[in-house]
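Analysis of the macromolecular model
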Amino acid sequence: MTRFLYFNEMKDIKQIIQDIASDALIEEKQKLTVTVEPKQARPLIEGLRNNKELPFDYLISLIGMDWGEKLGVIYQLSSSIDLTHEVVIITATTDRENPLLYSVSDLYETAHLNEREVYALFGIRFINNPDMRRFLLDDDWKGFPFRKDYDENPDLNPVNVISKEIVDIAPQIIETADGNLVEREVPIFGENDYIINIGPQHPSTHGVMHFRTSLDGEIVKKIDVHSGYIHRGIEKLCESMTYPQILHFTDRLDYLSANINRHGLCMCIEKAGEIEVPQRAEYIRTIMDELQRVSSHLLAWACQCNDLGATTAFVYGMREREHVLDIFDKTCGGRLIINQNVVGGVMFDIYKDFQKDVKAFIPYMRQRLVEYDEFFSHNAIALGRMVNIGHLTKEQAISYGVTGPAGRASGWSCDVRKYKPYSLYDKVEFKEIIRTEGDSYARYLNRLDEIEQSLRIIEQLIDNIPEGDICGKVKAVLRLPEGQFFQSVETGKGEFGVFIESHGDKSPYRVKLRSPSLSAVSVMPLTARGALLSDLIGIAGSLDFVIPDIDR
Amino acid sequence: MLLYSQPLELTKLVHSLDAFFRSSLSPFWATLVEGILIGIAILAAYALIALALIYIERKIAAFFQSRLGPNRLGKYGVIQSIADMIKILIKEIIHVNKIDKLLYYLAPFFVIVASVLSFGAIPFGQSLQAVDFNIGVFYVLAVSSIGVIGILLAGWSSNNKYSMIGAMRSGAQFISYELSAGFSLMTIVVLSGTMQFSELIEGQRYCWNLFNGHIPAFIAFVIFLISGHAETNRGPFDLPEAESELTAGYHTEYSGLRFGFFYLAEYLNMFIIAAIATTVFLGGWMPIQIKGWDAFNQVMWYIPSWIWFFGKAFVLMFLSLWVRWSFPRLRIDLLLNLEWKYLLPINLVNILVMVIIVLSGLTLADIFPAVFGK
């Protein structure tokens, strides 16, 4: 019955697509894929976005592409009502000199930073995006590094040793009412604004994040997000490596969810290459993922408390996290980045006392959750610093693509484990924690509650780990069939997406990694506007972003 | 040299030293020499107490945070803070461009001088007080508020936006909480009828002011602890330096010994607040005495008065550390709310209540003169 309904809906979506763009090429690949001309792309996306029954209002990722003769963008759309529905829209232009596409930043707020990133890496500019500065790269970077014909000569972009003045001017290309394109430059801050740089070296930006903040007294007027201080070009690096070689890169994104990220990439490759994963490996993967989530949430909790000035709470969080890391350590030698997942399964089998250690950890952690609750969660000062601070509505969360505990704190049911279950998540029972307040405190409580849910999942699996192989048979030289492959996983921060385009080679043609932290950072200007400087830090802590994940 | 009844008391030593100088030198020179000796003693005590406090705080913080704290240098790491002191003394002082040089160099001295000046007026034990002003309480309040000038200057002259914000916060915070601290001390001045520390302590021989003035005195005590804690710029009131927001606040641009001055003053201010609270509310160095129990009183006197003083002060400091390591930081508007909307009105009413209690003879000493009377 459900399958039938699903089929009907898909038919409807196809009908909608055909109504808007009649000559669009619709294919049923891994996802419903639509290829359209650049002119039709925007109306099509707008139509899907404003679709009444099933609005495609969640832009999972916006992927810049270079197909040689064409430069283009892949939009991965989904519906906030039901994440199982996805549409992939591909559009491309042949103009390599001055590629222009229409912006969707007015439909999806998350597109702002993503389009800026595509401009920096591919040189595609977006008409009507109010801010077309390069994201991740300097404004004077020569060439577009993700293009296939990029000149890698280091003399072109020498290592910069001189301090550069930051120019707060945003170029735009605006289409006027009569259809002409006008290029202009707009200042980001007012002339007499008191601008303070929070970051890139700052104790509370959790890394090299840079918020240019204009203040009125202590009240935040505007935030301008600068990023890219540790941009390593991981996606580009992937293109010159074989599949097994690129696995470790995902660990270096959101290092707190290293294992989950890697799980996502492995699954993407396994699905594309039709590689079987043994049950034992699935169990180990899921348990490890949940342990990783516990440790990620513990660190997020600890850091949020530390940002609010409670150093003791910080140490408490680290203390419990140490127990998880010890288990990782004993399993595979790694603590932060554990190198556990490989294509086809896991690299290391669990050790003899694994079950015993994990079972000892669960009641211990539950006891500590009670302690956290008594010690910090109801502290009058803590409540004053979190309740009704940094408000994010459900609509905003969807538009900015804020997933994970932060998105669920705004009332958006967006758990990938529920909607697109992978590994064993369809076999275990757990509750998706949803709160509707949308403030810092809801995000704070969500993480603590999710720790409890993770413990529940582990409890259900830990005694049933089947015997057998830990790794399936994988060819020595792994080639994926031609195609575009997507995979999403739920990390500690939210939905982490992997996109691989394969042209049948040993190495991928293009890899794109959707970063949940990028969305979290993109809402900072919104949530912190009008708040006090202290709250800016508190809100950043509650959104819990990891910088390497943003910069990639 | 030593009193038989109080073997560890330093009274006799101080008096014999005084007598020695008076007999061998002219009055002017005797005063001068004594002044210099007292100055040296106070500075030495200042440094020593700071070292001890830093060690104690680190150990206690470690205890709260289930860590070990310093444990490498010496037994239980006791000489860690001495090593740190040497390190900070020989550290390079980084010269910062584009600062207001005069004010920048002056600022740490304001802070440290204010701290030493109020430190000098504290009665550490029987006859262990440099100057016994007849307006002691007033004097301490006056000199301790010089410190804020140093902090404001530091923030202003550093030419750094973080420092500036920290200094502005600190100005607002200091001036607000000064009021509360002052009013709560005045409540006790109303009760005891004196501003002189020696008389305050003598008046608490059989009943501490905290109990003598019962309800209003207790309220004043709590308010003094809160506002005193706020004045020392320590968590949860450490907004001026708020390391997770302003990196280091007003002293961001300071390094080496200049930073050391701020650091030292912060620790000593914590001690000074505890010392004043001890003297004003908890009977100062006076051992616990119960009227009529002469044998018991004598036994209590065997414990030297400075031990009593430091013991009581330590209890208060422990409280302050406990608060510091448990609570998150307040935000500036919550902080000002707390002062102007709660503490100050309560305080004003409290003084009035105290006046009524004193005038209508409702203090414990008035009600039970046989037990608590002077």
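Look up: the structure comes first, before these words.
Criteria and thresholds
Residues numbered from 1 in each chain as written. Chains lettered and ligands numbered in written order. Predicted model: local features only at pLDDT ≥ 70, side-chain atom pairs only at ≥ 80, totals over all residues. Helix = DSSP H or I, 4+ residues; strand = E, 2+ residues; numbered from the N terminus. Buried ≥ 20, exposed ≤ 12 C-beta atoms within 10 Å, placed from the backbone. Contact = placed C-beta atoms within 7 Å. Rg over C-alpha atoms; globule rule 2.2 N^0.38 Å. Pairing = 2+ DSSP bridges. Nonpolar A, V, L, I, M, F, W, Y, C, P; charged D, E, K, R; others polar. Axes fitted to C-alpha atoms, helices over the stretch in contact; angles between N-to-C directions. Parallel < 35°, antiparallel > 145°, perpendicular 65-115°, else oblique. Left-handed = near helix turned anticlockwise from the far one by under 90°. Expected span 1.5 Å × (residues − 1). Core = buried A, V, L, I, M, F, W, Y, C linked by C-beta atoms within 7 Å.

With that settled, consider the overall build of chain A. The secondary structure content of chain A amounts to 18 helices and 17 strands. Expressed as lengths along the three principal axes of its C-alpha atoms, the size of chain A is roughly 70 × 60 × 55 Å. Every one of the 552 residues in chain A was classed for burial, and the buried ones make up 49%. Of the contacts made within chain A by residues no fewer than 6 positions apart, 65% connect residues no fewer than 24 positions apart.

Turning our eyes to something else, we now look at the overall build of chain B. Secondary structure summary: chain B contains 17 helices and zero strands in total. The C-alpha atoms of chain B give a radius of gyration of 22 Å, which matches the 21 Å a tight globule of 374 residues would have. Across its three principal axes, chain B shows a C-alpha extent of roughly 65 × 55 × 45 Å. Of the contacts formed within chain B by residues at least 6 apart in sequence, a portion of 77% connects residues at least 24 apart.

What follows covers the pairing of strand E11 (residues 210-216) of chain A. Residue and element names in this part refer to chain A. Looking at chain direction, strand E10 (residues 194-198) and E11 are connected through five bridges and run antiparallel. From the neighbouring strand, Asn197 faces E11, where its bridge partner is Arg212. Judged from the seven bridges that link them, E11 and strand E12 (residues 219-226) form a sheet pairing that is antiparallel. Across the sheet, Ser214 pairs through a bridge with Lys222, a residue of E12. In this structure, the hairpin formed by E11 and E12 is closed by a connection of two residues, where Gly217 is found at a positive phi of approximately 70°.

In this section: the environment of Leu136 of chain A. Residues and elements named next belong to chain A. Along the chain, Leu136 turns up in the loop between strand E7 (125-127) and strand E8 (169-175). Classification of Leu136 as buried rests on a count of 23 C-beta atoms within 10 Å. When the C-alpha atoms of Leu136 and His226 are compared, they prove to be 7.6 Å apart, with 90 residues separating the residues in sequence.

Across the contact, 23 residues belong to chain B and 25 residues belong to chain A. Elements supplying a minimum of two residues to the side of chain B that touches chain A: helix H7 (161-192), helix H11 (243-246) and helix H15 (332-359) of chain B. Class assignment for the residues of the side of chain B that touches chain A results in 10 nonpolar, six polar and seven charged.

What follows covers the packing of H7 of chain B against H15 of chain B. Residue and element names in this part refer to chain B. Direction vectors running N to C along H7 and H15 enclose 15°, while the axes themselves pass 9 Å from each other. Between H7 and H15, the angle falls in the class roughly parallel. Handedness of the crossing formed by H7 with H15: left-handed. Class assignment of the residues belonging to the contact of H7 with H15 gives a composition of 18 nonpolar, seven polar and two charged.

Residue and element names in this part refer to chain A. With a phi close to 50°, Asn339 is a non-glycine residue in the positive phi region. Its place among the elements puts Asn339 in the loop between helix H8 (311-332) and strand E13 (341-342). You can call Asn339 partly exposed: it has 18 C-beta atoms within 10 Å.

Residue and element names in this part refer to chain A. Across its 29 residues, helix H7 (residues 279-307) extends 41 Å between first and last C-alpha, which sits within 8% of the 42 Å expected from 1.5 Å per residue. The buried fraction of H7 is high, at 26 of 29 residues. Looking one or two residues beyond H7, the residue adopting positive phi is Gly309, at roughly 95°.

With that settled, the discussion passes to the sheet that holds strand E5 (residues 86-93) of chain A. Residues and elements named next belong to chain A. Pairing is mixed in the open sheet, where five strands are placed in the order E1-E2-E5-E4-E3. In this open sheet, the two strands that pair with only one neighbour each are strand E1 (25-28) and strand E3 (58-66). Neighbour-to-neighbour, the strand axes of this sheet turn through a mean angle of 20°, independent of strand direction. Sheet analysis places strand E4 (residues 71-78) next to E5, joined by eight bridges and oriented antiparallel. Residue pairing in the sheet places Gln76 in a bridge with Val88 of E5. Those strands touched by helix H2 (residues 38-49) are strand E2 (32-36), E4 and E5, and its axis lies near 160° from that of E5.

Let us look at the nonpolar core. The biggest cluster of nonpolar side chains holds 237 residues, and the ones touching the most others in it are Ile89 of chain A together with Leu268, Phe271 and Ala277 of chain B. At 16 residues, helix H12 (residues 256-281) of chain B tops the list of elements feeding residues into this core. Apart from residues lying up to four places away in sequence, Ile89 of chain A is in contact with Val34, Val36, Ala41, Leu44, Ile45, Tyr75 and Leu77 of chain A.

With that out of the way, let us pick up the environment of Leu121 of chain A. All names here are of chain A. One can find Leu121 in helix H3 (residues 111-122). Each C-alpha atom, one on Leu121 and one on Met65, is 9.6 Å from the other, the two residues being 56 residues apart in sequence. Not counting chain neighbours up to four residues away, the residues in contact with Leu121 comprise Gly64, Phe144, Pro145 and Phe146.

Residue and element names in this part refer to chain A. What the three strands build is an open sheet, ordered E10-E11-E12; its pairing is antiparallel. Lying at the two open borders of the sheet, with one neighbouring strand each, are E10 and E12. When strand polarity is set aside, the average angle formed by the axes of neighbouring strands in this sheet is 25°.

Residue and element names in this part refer to chain B. One can describe the packing of helix H10 (residues 214-231) onto H12 by two numbers: an axis separation of 10 Å at closest approach and a directional angle of 160°. By the angle class used here, H10 and H12 are roughly antiparallel. Every pair of crossing elements has a handedness; the one defined by H10 and H12 is right-handed. Counting all contacts with H10, which are made through Phe221, Phe224, Leu225, Gly228, His229 and Glu231, the residues of H12 involved are Ile273, Ala277 and Phe281. The class makeup of the residues in the contact of H10 with H12 is six nonpolar, two polar and one charged.

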